[in-house]
Amino acid sequence: MADVVGRYVQLKKGGINLLGLCPFHNEKSPSFTVSPTKQFYHCFGCGAHGSAITFLIEHTGASFPEAVRSLASAVGMTVPEENRSPGQKAATARRRDEVSQHTRVLDVAQGHYLAQLRETAAAIRYLKQRGLTGEIAKEFGLGWAGSDRQGLAKVFSRYDEAILVESGLVIEAEDGRRYDRFRERVMFPIRNVKGEIVGFGGRIIGKGEPKYLNSPETPVFSKGNELYGLFEARTAIRSEACVIVVEGYMDVVGLAQLGVRNAVATLGTATTPTHIQKLLRASDKVIFSFDGDGAGRRAAWRALQSCLPLLRDDISIRFLFLPSEHDPDSYIRQFGEEAFRACLAESDALSTFFLNELASRHPLKEVEGRSALVHEARPLLALIPTITLKVQLQNEFARLVQLTPEELGVLLEKAPAPMLAGLPAVGQGAGADLVLSAGRSAAEREAVGFAGQGDEARRYLDDEQPESFRSNYPSARSGVRRPAERLDRRAVAPMAKRLLRLLLTHPGLVDLMGEQQLELLERGPHLEMVRELIVLAQASGARHVGALIQASDPGADLGVLMASVAADLMAQESLPNPQAEWEDALRRIELESLKSEQGVLIAEGLNNLQSQQTYRELSARITRLIRVIETSKAR
């Protein structure tokens, strides 16, 4: 764990753990902690936590398989791969080589554009007029494409290479002549989630059309899949717990210059379902900020429609419309960052924008107008999965069109389930599965959204512990951000809390459990989560908290529990004799079980010799067990 994180974060010894500046949010004093023994990290400032795999996914943008391969190669191991035909292996190799070639030429072009900017006073003057400093230009890699029709020939010895056309850097005319696609434009490199350049956007600074020009569709770039600034904004998105979607490159860079660093932009195309999926992986709160004119509202409406099939009850999607004479950049420059943030706080919820926009299109005082409104809304409502938000929205809509919820429900049932481009048809219980089916692995879900699931789960392991146990576990929850609580979780009995905390702190206890102990845990009441944790540890082979977190389902009760107590576990030192603590807890479970059996006999009346004899045997066992407990406590 320390080796992996240490490649990216400077770590220093701090007690039993290692400390450093958190790579997931901006901070001046270290609150990021790595536990070499427990094998996981936790930030007490922003709540980020996870295992080595989680760190690579979140910090480098690697996929789950890539993170596993990276860790394996570092220690000389080979990851087992599924059996594939020679043709499939060859196709994978060709694809990998193709991506590598595209990345290579795009990186070379980026170097050329950076060099050109340093030598072009007009481009530098334009950026300064837009209020951009050299630091922000460097952060986003801004460059310049000069007026030379074959400027890239200076850096590519073979200007006739096919890869230059395939990557979108060069255009080949019908007569075979070639020339650079981008000329006399400020260049914005477009990066994927790994930080690799996959394309460019160029803005002209003089007269001419189009004002913005993007790379064409290539094997590594698709406008409908990428979001400008997402890589650069990843740290701020985590610290702000929100992502803002604006309309253009300059909006993103300008907002970053003015202190709002969690903004991204679509690439001159309508917001797609893939965009929404990427946004929701980055944050559970998305705010679309568009111009208040007709074009801005139309773009917002298209974005809303892409959101509908992906709605969940645990996300927030909102819409902000600035005055028609302002974009986010100009609004902040005139009124200040705090005024813009106040606008964000007052933005419209998706449901509000949905109802208001539809209502504005029809005369609601007329029967015909309300009927037309139902007709227009029916396929849109059908796109939404069966979640609480849908029920609430339909109830509000029913009031708007002067129908009862039951009457509206009958009308909606007659509508066929629509299909949205790029997504499967919406069916019963589609909900969050749509997001998961888009390639979001369990590890990625844990990495981007389940850190610290609220006080309710945290309280599972807090109170009613023996004093000797509590003294070894000082509280370390100060300053931890706690996202909204998850409701309706299973309650955990005090003894179960003790066992869970022991197992999470010392997962190796599972290797010492005999059949008798496991049988006792099976009989004990309210120990479901304890049994689940033991099964998880045995099945996964995990013997560190970090590995247990990685192996768990982050949406299940056990996964939520482990995420919620990560901060506490980080600060806890190992007990001197965890096996003794475990055996003491099991004796107390057995004691309660014996007393319960006695209680049943008493309730039945002890009216025969057999029940009286059983009662005496139970009493003797209880007495012996109490002596053992007291003797162990005295030691």
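Please read these numbers as outputs of a predicted model, since none were measured by experiment.

Student: Give a detailed account of the nonpolar core, specifying residues and quantitative values.
Tutor: Ranked by internal contacts, the top residues of the largest apolar core, which has 54 residues, are Tyr113, Leu142, Leu169, Phe200, Tyr228 and Phe340. If you look at the next biggest cluster of nonpolar residues, it comprises 45 residues, including Val245, Ala299, Val401 and Leu408.

Student: Go over unusual backbone geometry with me, naming the residues and quoting the values.
Tutor: Note that the residue after Glu209, namely Pro210, is joined by a cis bond; omega there is -5 degrees. As for its position among the elements, Pro210 is in the loop between β10 (197-204) and β11 (212-214). Phi angles above zero are rare outside glycine, and Gln39 is one such case at about 60 degrees. With respect to the helices and strands, Gln39 occurs in the loop between β3 (32-35) and β4 (40-43).

Student: Describe the environment of Asn214, listing the residues and the values that go with them.
Tutor: Tracing the backbone through its elements, the reader meets Asn214 in strand β11. A relative accessible area of 15% means that Asn214 is categorised as buried. As a C-alpha pair, Asn214 and Gly201 span 13 residues in sequence and 4.3 Å in three-dimensional space. Those residues within four positions of Asn214 in sequence are excluded, and the remaining contacts are Arg181, Phe182, Ile190, Phe200, Gly201, Lys223, Tyr249, Leu267 and Gly268. Within the structure, the side chain of Asn214 is placed 2.9 Å from the backbone oxygen of Leu267, a separation counted as a polar contact.

Student: Account for the state of the cysteines, naming residues and giving values.
Tutor: Evaluation of the coordinates by the stated rule reveals 0 disulfides. Looking at the unpaired Cys22, the closest cysteine sulfur is the one in Cys43, lying at 3.6 Å.

Student: Tell me about the pairing of strand β2 (residues 17-20), and please be specific about residues and values.
Tutor: Strand direction decides the pairing type here: strand β1 (residues 12-14) and β2, joined by 3 bridges, are antiparallel. Note that in β2 the partner of Lys13 across the bridge is Leu18. The hairpin turn running from β1 into β2, its antiparallel successor, is 2 residues long, and Gly15 in that turn takes a positive phi close to 70 degrees. Two strands pair when backbone bridges link them, and β2 and β3 are joined in this way by 3 bridges, in the antiparallel orientation. Directly across from Gly20, in β3, lies its bridge partner Phe32.

Student: Requested: an account of helix α14 (residues 350-359), with residues and values cited.
Tutor: Most of α14 sits inside the fold, with 7 of its 10 residues counted as buried. Among all positions in α14, only Leu350, Phe353, Phe354, Leu355, Glu357, Leu358 and Ala359 are buried. Of the surrounding elements, those touching the buried residues of α14 are α11 (294-307), β15 (316-322), β16 (348-349), α15 (367-383) and α16 (388-400).

Student: Can you tell me about the sheet that holds strand β12 (residues 243-246), naming the residues and giving the values?
Tutor: Spatially, the 5 strands line up as an open sheet ordered β13-β12-β14-β15-β16, and their pairing is mixed. Lying at the two open borders of the sheet, with one neighbouring strand each, are β13 (263-265) and β16. The sheet contact formed by β12 and strand β14 (residues 285-291) spans 3 bridges and is parallel. In the strand pairing of β14, Val245 is matched with Phe288. Along the sheet, helix α10 (residues 273-282) contacts β12, β13 and β14; its crossing angle with β14, the most-contacted strand, is approximately 130 degrees.

Student: Kindly report on the confidence of the model for the protein, identifying the contributing residues and their values.
Tutor: Within the protein, residue pLDDT values average 81, and 86% of them lie at 70 or more. Within the protein, strand β6 (residues 143-145) carries the highest mean pLDDT (97), whereas helix α18 (residues 433-436) carries the lowest (32). For the stretch residues 419-489, pLDDT sits under 50, and the model shows 167 contacts to residues farther than four places along the chain or on other chains.

Student: A description of the packing of helix α9 (residues 249-257) against helix α12 (residues 328-335) should follow, citing residues and the corresponding values.
Tutor: Axis separation between α9 and α12 bottoms out at 8 Å; the angle between their running directions is 30 degrees. In this view, α9 runs roughly parallel relative to α12, as classed from their interaxial angle. For the pair α9 and α12, the contacting residues are Asp251, Gly254 and Leu255 in the first and Pro328, Asp329 and Ile332 in the second. Of the residues that constitute the contact of α9 with α12, the class distribution is 3 nonpolar, 1 polar and 2 charged.

Student: I'd love a proper account of the side chain of Asp584, names of residues and values included.
Tutor: Assignment of secondary structure puts Asp584 in helix α28 (residues 578-604). Asp584 gets classed as buried once you look at its relative accessible area, which sits at 10%. If we ignore the near neighbours within four places in the chain, the residues touching Asp584 are Arg498 and Ile629.

Student: Requested: an account of the environment of Ala542, with residues and values cited.
Tutor: As for its position among the elements, Ala542 is in the loop between α24 (528-540) and α25 (545-551). When neighbours within four sequence positions are excluded, Ala542 is seen to be in contact with Pro507, Ala537, Ala547 and Leu548.

Student: Describe the layout of surface pockets, with residues and values.
Tutor: Each pocket or cavity is described by its volume, and for the second largest pocket that value is around 640 Å³. In terms of lining residues, the second largest pocket is bounded by 27 residues, among which Tyr212, Glu247, Gly248, Asp251 and Gly268 are the most central. Those elements giving two or more residues to the lining of the second largest pocket turn out to be β11, α9, β14 and α11. Among the elements that line the lining of the second largest pocket, the one with the most residues is α11, at 4 residues. Here the lining of the second largest pocket is built from residues that sort into 10 nonpolar, 8 polar and 9 charged.

Student: Describe the pattern of salt bridges, listing the residues and the values that go with them.
Tutor: Under the definition given, this model contains 20 salt bridges. Ionic pairing is found between Arg341 and Glu240, a salt bridge with its closest N-O pair at 3.6 Å. Highlighted residues: Arg341 in helix α13 (residues 337-345) and Glu240 in helix α8 (residues 230-240), separated in sequence by 101 residues. We classify Glu240 as partly exposed; its relative accessible area is 37%. In the salt-bridge network here, residues are joined through shared partners; they are Arg297, Glu357, Arg361 and Glu376.

Student: Before we move on, can you summarise the packing of α11 against α14 with the specific residues and values?
Tutor: Put simply, α11 and α14 touch, their axes get as near as 11 Å, and they point 120 degrees apart. Relative to α14, the element α11 lies oblique. The chirality of how α11 crosses α14 is left-handed. When α11 is examined against α14, the residues Arg297, Ala300, Trp301, Leu304 and Cys307 are found in contact with a partner set consisting of Leu350, Phe353, Phe354, Glu357 and Leu358.

Student: An account of the environment of His326 is needed here, citing residue identities and associated values.
Tutor: For His326, the location among the structural elements is in the loop between β15 and α12. By relative accessible area, which is 8% here, His326 ends up buried. Put simply, His326 and Asp291 are 35 residues apart on the chain and 6.9 Å apart in space, counted from C-alpha to C-alpha. His326 has contacts with Asp291, Tyr331, Gln334 and Phe335, leaving out every residue within four places of it along the chain.

Student: Break down the sheet that holds strand β5 (residues 49-50) for me, with residues and values.
Tutor: Within a beta sheet, neighbouring strands are joined by backbone hydrogen bonds and run either parallel or antiparallel to one another. Reading across the sheet, the 5 strands line up as β1-β2-β3-β4-β5 and stay open at both edges, with antiparallel pairing between neighbours. Each edge of the sheet is formed by a strand with only one pairing partner; in this case those strands are β1 and β5. Where β3 and β4 come together, 4 bridges link them in antiparallel fashion. Bridge pairing in β4 links Thr33 to His42.

The rules behind each value
- Residues numbered from 1 in each chain as written.
- Predicted model: local features only at pLDDT ≥ 70, side-chain atom pairs only at ≥ 80, totals over all residues.
- Heavy atoms only, no water.
- Core = buried A, V, L, I, M, F, W, Y, C linked by side-chain atoms within 4.5 Å.
- Buried < 20%, exposed > 50% of the residue type's maximum accessible area, 1.4 Å probe, protein only.
- Helix = DSSP H or I, 4+ residues; strand = E, 2+ residues; numbered from the N terminus.
- Contact = heavy atoms within 4.5 Å.
- Polar contact = N/O pair within 3.5 Å; in protein donor to acceptor, adjacent residues only side chain to side chain.
- Disulfide = S-S within 2.5 Å.
- Pairing = 2+ DSSP bridges.
- Axes fitted to C-alpha atoms, helices over the stretch in contact; angles between N-to-C directions.
- pLDDT = per-residue confidence, 0-100.
- Parallel < 35°, antiparallel > 145°, perpendicular 65-115°, else oblique.
- Nonpolar A, V, L, I, M, F, W, Y, C, P; charged D, E, K, R; others polar.
- 1 Å grid on protein atoms, 1.4 Å probe; cavity = no way out; pocket = protein on both sides within 12 Å on 5 of 7 lines; lining within 4 Å.
- Points joined across faces, edges and corners; volume = space filled by probe spheres on them.
- Salt bridge = Lys/Arg side-chain N within 4 Å of Asp/Glu carboxyl O.
- Left-handed = near helix turned anticlockwise from the far one by under 90°.

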